Amino acid sequence: MNEIIIDCGLNQTRVAIMENKELVEMYIDRDDKRRIVGNIYKGRITNVLPGMQAAFVDIGLEKNAFLYVKDIVGQNPKVNVSIKKLVKNGQEIVVQVIKEPMGTKGARVTGDVSLPGRYCVLMPYNNYVGISRRIKSEEERDRLRSLIDEVRPPNMGVILRTAGKDKSSKEIKDDLNYLLKLWNKVEKENLLGFAPKVTYKELDSIHKIIRDRFTQKISRLVLNKEQKYEEAKEFVKLIDLNMKDKIELYKEEIDIFDFYGIEKMINNAVNKKIWLKSGGYLIIDQTEALTVIDVNTGKYVGTIDLEDTIIKTNKEAAKEIAKQLRLRDVGGIIIIDFIDMATEKSQREIINILEDELRKDKTKTNVLGMTNLGLLEMTRKKVRGRISSVLQKKCHWCNGTGRTISDYSILQKIEDKIRRLSIHTNAQAVLIEVSMNVYEHLYEHHREKYEKIENEYGIKIFFSKALIRDEEFNVKTMGKIEEVEKIIKS
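Each chain has its residues counted from 1, following the order in which its sequence is written. Where totals are concerned, whole chains, interfaces and linings use all residues; where local detail is concerned, this predicted model gives features only for residues with pLDDT of at least 70, and gives and counts side-chain atom pairs only at 80 or more. Side-chain metrics rest on all non-hydrogen atoms present in the structure, leaving aside hydrogens and water.

Colleague: Would you mind going over the overall build of the protein in detail, with residue names and values included?
Modeller: The helix and strand labels rest on DSSP assignments: H or I over at least four residues marks a helix, E over at least two residues marks a strand, and numbering proceeds from the N terminus. Across its full length, the protein holds 13 helices and 26 strands. Within these notes, the globule rule equals 2.2 Å times the number of residues to the 0.38 power, and the radius of gyration is based on C-alpha atoms. Against the compact-globule benchmark of 23 Å for 490 residues, the protein has a radius of gyration of 25 Å, which places it among compact chains. Seen along its three principal axes, the alpha-carbon backbone of the protein occupies a region of about 75 × 70 × 50 Å. Within the protein, the proportion of its 490 residues that are buried is 49%. Any pair of residues with heavy atoms lying within 4.5 Å of one another is described as a contacting pair. When contacts within the protein are restricted to residue pairs at least 6 apart in sequence, long-range pairs at least 24 apart make up 65% of them. Computed with the Shrake-Rupley method and a 1.4 Å probe, the accessible areas treat only the protein chains shown as cover for residues. If you sum the accessible surface of the protein, you get close to 25400 Å²; carbon and sulfur atoms cover 50% of it. Charged side chains in the protein number 86 positive and 75 negative. The centres of these two groups are separated by 3 Å. For every residue, the accessible area (1.4 Å probe, protein chains only) is compared with the maximum for its type, and the residue is labelled buried under 20%, exposed over 50%, or partly exposed between those bounds. Only four residue types enter the charge count, namely Lys and Arg as positive and Asp and Glu as negative; His and the chain termini do not. Where a charge lies is defined by one atom per residue type, namely NZ (Lys), CZ (Arg), CG (Asp) and CD (Glu).

Here you go:
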C-alpha cells in the first residue's frame, strides 16, 4: 500500500512518501527557504565565461545562477559556437531553475523552460514531442503521440508524462489548454518590469505532490491541518475528480509522524550506519561530490556456506541502497563496495536487483557497472540538497566535522510538546530548558517562529539555558504566566 503523509507545521511542511509502510522519499518546505526548482525568472547576464562556455545570471538570489551554453535556447550542443556570440553582459534573459543552490554553488538554470501539468509538460521554446519511457506499450505510445500532434501549438514541444497513460483525449487536451493559459500569463510577466524578477513560481510542496505523485497507485493522502486539507480537496477537483475521496484529514492527538512511525524513519535517514533485517549493515559516507556505501555481513552468519551468506547480504543491501538513495536524495557519483563475490554471474545478479529497485526512483540514475577494483559505480542526478543538509546543520562544537540537529527540527519538537500541553493541561505559560547554543539561536534568529507557536496554542514560552545537547530540551515548569515569570526571576 502506497501512501502520502503530510505534516503541516507552523514553520515547515513535511511530506512523506510511503511504500508498504516504509518511508522512501521526504520533502520539506520551510517558510524562509522555499524550493526554487521549476521557478522561471527574467534574469540579467552578469559575467560571460568563454573558457567554460558558460555565464552567470542574476535572478535575484543571494548567489548568481549558472547557465551553460548548451542550455541557451536554440543552441545545438553539437555545434561549437562560442557563448560570447549568444549572450553578452547586461543582456536580459528568461531562464528556469533546474538545480537548487548547493553549498558554495549557485542555482543552475536553463533557457529551455518548461511547465509541468498533470499529464503533459509544455515546452514553449522547443519543438520536441516525447512520451514517458515508463509507458512501454507501443500501441499506447503511438496513440498518445498522434493525439499530441493534433493539439499542440505550432513551434511548441510537449512531453506526455507517465500519468497520461490511458487517459482520454479530453483529459489530455484540458491539461494542455491549462498549461497554455499559464504560459500566456508568464509571457506577460516577462514583458513587464526589469530584471531580475520571478515570473512563475512552482507550486508549494503539497500542491506539487498532488499534481506529480497523487496517482491511482496511491491509496490515500493524509494531512493534519484542516485548512490545508480543504485546499488539497479543492486542488484535486481541478486535476482529477476521482481522487478527491482519497484525501483524509488526520484528527488524532498523537503527532501524525509519530502515529505512522515516520519520525524514527527520518532519524535513520541521517544515520551513517543502516542495519539490514538479516543482521548485515551499510555504512554511508558522504562528501560534496561523492557518496561511498560499504556493505558488511555484520551479525549475519548464514546457514549454508560463505558464498551463500555473501550473496544474500548483497541482495538485501542492493534493495536497501536503492531506497536510501531516494530517501536521502543523494546525488552525484556513488561508489558501492559490495562484499566480494566469487563469480561474474553473482555480480550481474546483484546489479540487476539494484537496477530493478532504482526503476521506482523518479530521479535519473545510471548504473555504470563494476570497476577494476570490484566496486560498483553509479550516478544519480542532483536536483536538491541532501535530506541531511535540511534536517541537520554544522556542529559548532567540532568546527563542522560533525552534525547536529537544526533549529527547525528543535522548533518542530517544541511545537509538538506545546500542542500536547495545550490539549492535556490548562497551562498559560511554560519554561523550557535548551542548550546554550539553541537558546542564542532561538532568541537571535527565530523569535517570530516560536511566537507563531505561542499564538497558535495560547501558551507563552520562556527559555532558559542548560548544559544539555542541542537536540535535547526539558520542560522545567508550567502554569500561569505570573507563576512562571516568578520562577525565572528567582
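Here the narrative resumes, following the displayed structure.
Colleague: An account of the sheet that holds strand 3 (residues 22–30) is requested, with residue identities and associated values reported.
Modeller: For two strands to count as paired, DSSP must find a minimum of two bridges between them. Pairing in this open sheet of 5 strands is mixed, and the strands run 3-2-1-14-15 from one edge to the other. Each edge of the open sheet is held by one strand with a lone partner, namely strand 3 and strand 15 (247–249). Averaged over all pairs of adjacent strands, the angle between their axes in this sheet comes to 20 degrees, without regard to strand direction. Axes here mean lines fitted to C-alpha atoms, for a helix over just the part in contact, with angles spanning 0 to 180 degrees between N-to-C directions. Running over the sheet, helix 4 (residues 226–239) touches strand 1 (2–8), strand 14 (218–223) and strand 15 and is turned about 165 degrees from strand 15. Across the sheet, helix 7 (residues 306–328) touches strand 2 (12–19) and strand 3, and the angle it forms with strand 3 is around 10 degrees.

Colleague: Hey, could you go over the packing of aromatic side chains for me, with residue numbers and the actual values?
Modeller: Each Phe, Tyr or Trp ring, with Trp reduced to its six-membered ring, pairs with another whose centre is within 6.5 Å; inter-plane angles below 30 degrees give stacked pairs, above 60 give edge-to-face pairs, and intermediate values give tilted ones. In the structure shown here, the tally under the stated rule is 11 aromatic pairs. Geometrically, the ring pair formed by Phe66 and Tyr68 is edge-to-face, given 4.9 Å between the ring centres and 85 degrees between the ring planes. Accessibility expressed as a relative area gives 31% for Tyr68, which makes it partly exposed. Grouped by ring-pair contacts, the aromatic residues Tyr439, Tyr443, Tyr450 and Phe463 constitute a single cluster. Sitting over the ring of Tyr281, Lys273 keeps its end group 4.3 Å from the ring centre. Criterion for a charge above a ring: Lys NZ or Arg CZ within 6 Å of the ring centre, and within 35 degrees of the ring normal. The side chain of Lys460 reaches across the aromatic face of Phe462, ending 5.9 Å from its centre.

Colleague: If you had to explain the pairing of strand 3 to someone new, which residues and values would you point to?
Modeller: In terms of residue burial, strand 3 counts as a mostly covered element, since 8 of its 9 residues are buried. Between strand 2 and strand 3, which pair antiparallel in sequence order, lie 2 residues; one of them, Asn20, sits at a positive phi of approximately 55 degrees.

Colleague: Summarise the packing of helix 1 (residues 138–151) against helix 2 (residues 169–191); cite the residues concerned and give the values.
Modeller: Two elements in contact, helix 1 and helix 2, have axes separated by 11 Å at closest approach and are oriented at 45 degrees. Taken together, the axes of helix 1 and helix 2 lie oblique to each other. Remark: the crossing between helix 1 and helix 2 carries right-handed chirality. Listed contacts from helix 2 to Leu144, Leu147, Ile148 and Val151 of helix 1 are Ser169, Ile172, Lys173 and Leu176. Residue classes follow a fixed rule: Ala, Val, Leu, Ile, Met, Phe, Trp, Tyr, Cys and Pro count as nonpolar, while Asp, Glu, Lys and Arg count as charged, and any other residue, Gly among them, counts as polar. Looking at the contact of helix 1 with helix 2 residue by residue, the class counts come to 6 nonpolar, 1 polar and 1 charged. Each angle receives one of four descriptions, namely roughly parallel if under 35 degrees, roughly antiparallel if over 145, roughly perpendicular if within 65 to 115, and oblique otherwise. Handedness of a crossing is defined here by the sense of rotation of the near helix relative to the far one, left-handed for an anticlockwise turn of less than a right angle and right-handed for a clockwise turn.

Colleague: Can you explain the sheet that holds strand 12 (residues 157–160)? Please cite residues and give values.
Modeller: Overall, mixed pairing links the 4 strands, which are arranged 9-10-12-11 in an open sheet. Sheet topology places strand 9 (115–116) and strand 11 (129–131) at the edges, where each strand pairs with a single neighbour. Taken together, the 4 bridges between strand 10 (residues 120–123) and strand 12 define a ladder with antiparallel strand orientation. Paired with Cys120 across the two strands is Leu160, which belongs to strand 12.

Colleague: Account for the pairing of strand 19 (residues 332–337), with residues named and values stated.
Modeller: Two strands pair when backbone bridges link them, and strand 18 (residues 290–296) and strand 19 are joined in this way by 5 bridges, in the parallel orientation. Across the sheet, residue Asp294 finds its bridge partner in strand 19, namely Asp337. As paired strands, strand 19 and strand 21 (residues 376–380) are joined by 5 bridges and run antiparallel to one another. Looking at strand 21, one finds that Ile333 is bridged to Thr379.

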